[in-house]
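Geometric and topological summary
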Amino acid sequence: MTHFDTIIIGAGFSGLYQLHRCRDDLNLKTLVIEEGSDLGGTWYWNTYPGARCDSESHTYGYTFSENIYKNWTWNEKYPKQSKILKYLNYVEKKLNLRKNILFNHKIISAKYLERKNLWQIKTNKKKVLFCKYLICAVGSLSAANIPKIKGLNTYKGKYYHTGRWPKKKVNLKDQVIAQIGTGSSGIQVAPEIAKVVKKLVIFKRTPNYSIPARNKKLTKEIINNYLKNYEKIKKLIKKTPGGHTFSFPNRSVFDFSKIERDKIFEKAWLKGSLAFRACFGDITKNLKANQKASNFIKEKILKIVKDKKIAKILTNFDHPFTSKRPTLNTNYYETFNKKNVQLVDLKTNPIIKITKKGIKTKNKDFNFDKIIFATGYDALTGPLLSLNLVGKKQIKLKDYWSKIPKSYLGLMIPKFPNLFIIQGPGSPSVLTNVPVQIEQHVEWITHCISFIELNKKRSIEASLSSAKNWSNEIKKLADASLFMKAKSSWYKGDNIPGKPKVFIPYPGGLPRYRNICNKVEKNLYKEFLIK
């Protein structure tokens, strides 16, 4: 079979839910195409030691079905990768989704055929498929970025990226290992591998703020409480800006004396979690208020890390707290107190090249058995550009997006009819607890396709004016926020040479965004071109 109503790319959180809605609610002939050999998306690929979610488990999952929510038990405050994978397999079995998924096929091109009003999809296994609706569920953080460092191809040892970790166990025991990068993945992987390696040398460019996760096993009482409060949790995560269960209070940092303020910070530090940024209502909005939180975190790190030189490198922040992706950690700073861990500050001692045996920096030659790249992703736009999408009049997405990733709501792109994106550039996506954003997007896309089908229309695409206005709205909100105070951030594409330097996700929060999407739907998609 080569013709489908809908093809979905990616079998992670978004692809699975979108398959259920298209196949079971809209009764469309639907296929999911997945590059991996199994489902899971992010959680299929990211199997590095210490891989774990930063959202609390009772919020990190689907809420569309009470049955699915209540018949699953999370056992930790923050779920680890293998548990999330089990959860997605549990959902798949409940909804019987696997029969409509084609595994081990990577999309090499997707082209819109105007006369036929069909998308033509080609895979690396020479399969050619056609569909009316093409839905990209490729995730925001799936295009792994290995920096182009001179000499990498001459290195005789093995190297790995955390986002494409091998399925076979990687033996690091008693070896000398390099780790390049200390973002979310690097902060998780370092404490785990430091336990087994002979020596770990961490190459750090920009220090990031990290809050203790304080992960713990969940008691029966806590689990029952979450299950009992399903409706309450479901409503709450739709009301908060990031789709978490915490909201920002009205109180300001400056309503309190330093002693009182530090007590509030201390309590939040001991509790752990991403909620630390919501101790006060103005930490994420006001630079002076933010400075108080930044200083508190800095003092904590200086107390934990015993070597004052290392502590200084780890606290040499060049951006406000939360202006880059906030991270959680388990014993990350404590790892630098271990005798087998060394830190290299790339600001003063940059990498010159990778050699046959290791890494040459400005001041030293290192030999390594293996190199681990925890260097992040070509975020948000990268996964979509890798599909080689071609729209109307042969326009290539990579050309169309060469200056700015134009879209309306992060859901649709002008000149690319019947192409939908789940958590794409221009949506809140990476600034949220992702499953909450995914559910909202899948539901909006489902209603939109239903409208097109019921009204017997051929196609829908974003209008140029709506996309332009949306880009302006994102810029206006970003410019008024602390996000733009970060010198270098993947939110702005700074980590990828040649990528447009614009703020990519929508920074206005989920409730505001949801209201805009709902209005568009109520307005019968007037901001779109429908034929």
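Up top is the structure.
Residues numbered from 1 in each chain as written. Predicted model: local features only at pLDDT ≥ 70, side-chain atom pairs only at ≥ 80, totals over all residues. Heavy atoms only, no water.

**Considerations on the overall build of the chain**
- Secondary structure assignment for the chain yields 16 helices and 20 strands.
- In summary, the chain has a C-alpha radius of gyration of 23 Å against a globular reference of 24 Å for 531 residues, a match within 12%.
- C-alpha extents for the chain along the principal axes are approximately 70 × 60 × 45 Å.
- Summarising the internal contacts of the chain: among those between residues at least 6 apart in sequence, 73% fall at separations of at least 24.
- Of the accessible surface of the chain, which amounts to about 23800 Å², a share of 52% is contributed by carbon and sulfur atoms.
- Where the 99 positive side-chain charges of the chain centre and where its 39 negative ones centre are 5 Å apart. (Helix = DSSP H or I, 4+ residues; strand = E, 2+ residues; numbered from the N terminus. Rg over C-alpha atoms; globule rule 2.2 N^0.38 Å. Contact = heavy atoms within 4.5 Å. Areas by Shrake-Rupley, 256 points an atom, 1.4 Å probe, with all protein chains shown as cover. Lys, Arg positive; Asp, Glu negative; His and termini not counted. Charge placed at Lys NZ, Arg CZ, Asp CG, Glu CD.)

**With respect to the layout of surface pockets**
- Size it by volume and the second largest pocket reaches roughly 630 Å³.
- Counting residues per element, the ones that place at least two in the lining of the second largest pocket are α6 (220–228), α7 (230–239) and α8 (258–271).
- In the lining of the second largest pocket, the residues fall into 13 nonpolar, nine polar and eight charged. (1 Å grid on protein atoms, 1.4 Å probe; cavity = no way out; pocket = protein on both sides within 12 Å on 5 of 7 lines; lining within 4 Å. Points joined across faces, edges and corners; volume = space filled by probe spheres on them. Nonpolar A, V, L, I, M, F, W, Y, C, P; charged D, E, K, R; others polar.)

**Side note on helix α1 (residues 13–25)**
- With 13 residues, α1 should reach 18 Å at 1.5 Å per residue; the first-to-last C-alpha distance of 18 Å fits that figure.
- Summarising burial for α1: eleven of the 13 residues are buried, a large majority.
- Of all the positions in α1, only Phe13, Ser14, Gly15, Leu16, Tyr17, Gln18, Leu19, His20, Arg21, Cys22 and Arg23 are classed as buried.
- Backbone geometry just after α1 places Asn27 at a positive phi near 60 degrees. (Expected span 1.5 Å × (residues − 1). Buried < 20%, exposed > 50% of the residue type's maximum accessible area, 1.4 Å probe, protein only.)

**As for helix α4 (residues 81–95)**
- Helix length check: α4 (15 residues) gives 21 Å between terminal C-alpha atoms against 21 Å at 1.5 Å per residue, within 8%.
- Among the 15 residues that make up α4, eleven are buried, leaving the element largely enclosed by the rest of the structure.
- What α4 keeps buried is the set Gln81, Lys83, Ile84, Leu85, Tyr87, Leu88, Asn89, Tyr90, Val91, Glu92 and Leu95.
- Looking at the buried residues of α4, the elements they touch are α1, α2 (42–45) and α3 (66–70).
- Taken from the residues just after α4, Asn96 is the one with a positive phi, measuring 55 degrees.

**Thoughts on empty space enclosed by the protein**
- For the structure shown, the criterion picks out two cavities of 30 Å³ or more.
- Taken together, 16 residues form the lining of the largest cavity, with His58, Tyr69, Trp72, Trp74 and Leu227 sitting closest to its centre.
- When contributions to the lining of the largest cavity are tallied by element, the ones reaching two or more residues are α3 and α6.
- With three residues, the single largest contributor to the lining of the largest cavity is α6.
- When grouped by side-chain class, the residues that make up the lining of the largest cavity number eleven nonpolar, five polar and no charged.
- Taken as a whole, the second largest cavity spans an internal volume of roughly 40 Å³.
- Looking at the second largest cavity, the residues that line it are Cys136, Ala137, Val138, Gly139, Ser140, Leu380, Leu384, Ile421, Ile422, Gln423, Gly424 and Pro425.
- Grouping the amino acids of the lining of the second largest cavity by side-chain chemistry returns eight nonpolar, four polar and no charged.

**Examining the packing of aromatic side chains**
- Under the defined criterion, the tally for this structure stands at 49 aromatic pairs.
- Relative to Phe373, the ring of Tyr159 has its centre 5.8 Å away and its plane inclined at 85 degrees; by these criteria the two rings are edge-to-face. Taken together, the positions of Tyr159 in strand β7 (residues 158–161) and Phe373 in strand β16 (residues 370–373) put the pair 214 residues apart, joining distant regions of the chain.
- Residue Phe373 is classed as buried on the basis of its relative accessible area, which comes to 0%.
- Plain terms: the ring middles of Phe203 and Phe368 are 6.0 Å apart, the flat faces sit at 80 degrees to each other, and that makes the pair edge-to-face. A residue pair is termed long-range when its members are at least 10 positions apart, and Phe203 in strand β9 (residues 199–204) and Phe368 in the loop between β15 (365–367) and β16 qualify at 165 residues. (Phe/Tyr/Trp six-rings, centres within 6.5 Å; stacked < 30°, edge-to-face > 60°.)

**Considerations on the sheet that holds strand β12 (residues 341–345)**
- The strand order across the open sheet built from five strands is β7-β16-β8-β9-β12, with neighbouring strands paired in parallel fashion. Bordering the open sheet on either side are β7 and β12, each of which pairs with just one other strand. The sheet shows a mean angle of 20 degrees between the axes of neighbouring strands, direction not considered.
- With four bridges connecting them, β7 and β16 associate as parallel partners. From the neighbouring strand, His161 faces β16, where its bridge partner is Phe373. (Pairing = 2+ DSSP bridges. Axes fitted to C-alpha atoms, helices over the stretch in contact; angles between N-to-C directions.)

**A word on the nonpolar core**
- Formed by 72 residues in total, the largest nonpolar core has its most connected members in Phe13, Tyr87, Leu409, Phe420, Trp444 and Phe528.
- Here this core gets eight residues from one element, more than from any other, and that element is helix α14 (residues 434–454).
- Excluding residues that lie within four positions of it along the chain, Phe420 makes contacts with Tyr133, Leu134, Ile135, Cys136, Leu411, Met412, Trp444, Ile445, Cys448, Ile449 and Ile460.
- One finds Ala190, Ala213, Phe246 and Ile301 within the second-largest nonpolar core, a separate group that totals 49 residues. (Core = buried A, V, L, I, M, F, W, Y, C linked by side-chain atoms within 4.5 Å.)

**Details of the environment of Thr335**
- Tracing the chain through its elements places Thr335 in helix α11 (residues 332–335).
- Taking the relative accessible area as the measure of exposure, Thr335 reaches 3% and is therefore buried.
- Residues Thr335 and Pro497, 162 residues apart in the sequence, show an inter-C-alpha distance of 31 Å.
- Setting aside its immediate chain neighbours within four residues, Thr335 contacts Ala190, Pro191, Ala194 and Val341.

**Overview of unusual backbone geometry**
- Residue Asn27 is not a glycine yet carries a positive backbone phi of 60 degrees.
- Its identity is not glycine, yet Lys126 carries a phi of approximately 65 degrees, on the positive side.
- Lys126 gets classed as exposed once you look at its relative accessible area, which sits at 77%.

**Quick notes on the pairing of strand β4 (residues 107–113)**
- As paired strands, β4 and strand β5 (residues 118–123) are joined by six bridges and run antiparallel to one another. Note on β5: the bridge partner recorded for Leu113 is Leu118.
- Between β4 and β5, which pair antiparallel in sequence order, lie four residues; one of them, Asn117, sits at a positive phi of approximately 55 degrees.
- Here β4 runs beside strand β17 (residues 389–390); their pairing, made up of two bridges, is parallel. Opposite Lys111, over in β17, you have Val390 as the bridge partner.

**Let's talk about the environment of Asn340**
- Positionally, Asn340 belongs in the loop between α11 and β12.
- By relative accessible area, which is 17% here, Asn340 ends up buried.
- Sequence separation of Asn340 and Val196 is 144 residues, and the distance between their C-alpha atoms is 9.8 Å.
- Excluding residues that lie within four positions of it along the chain, Asn340 makes contacts with Ala194, Val197, Lys198, Lys199 and Leu200.

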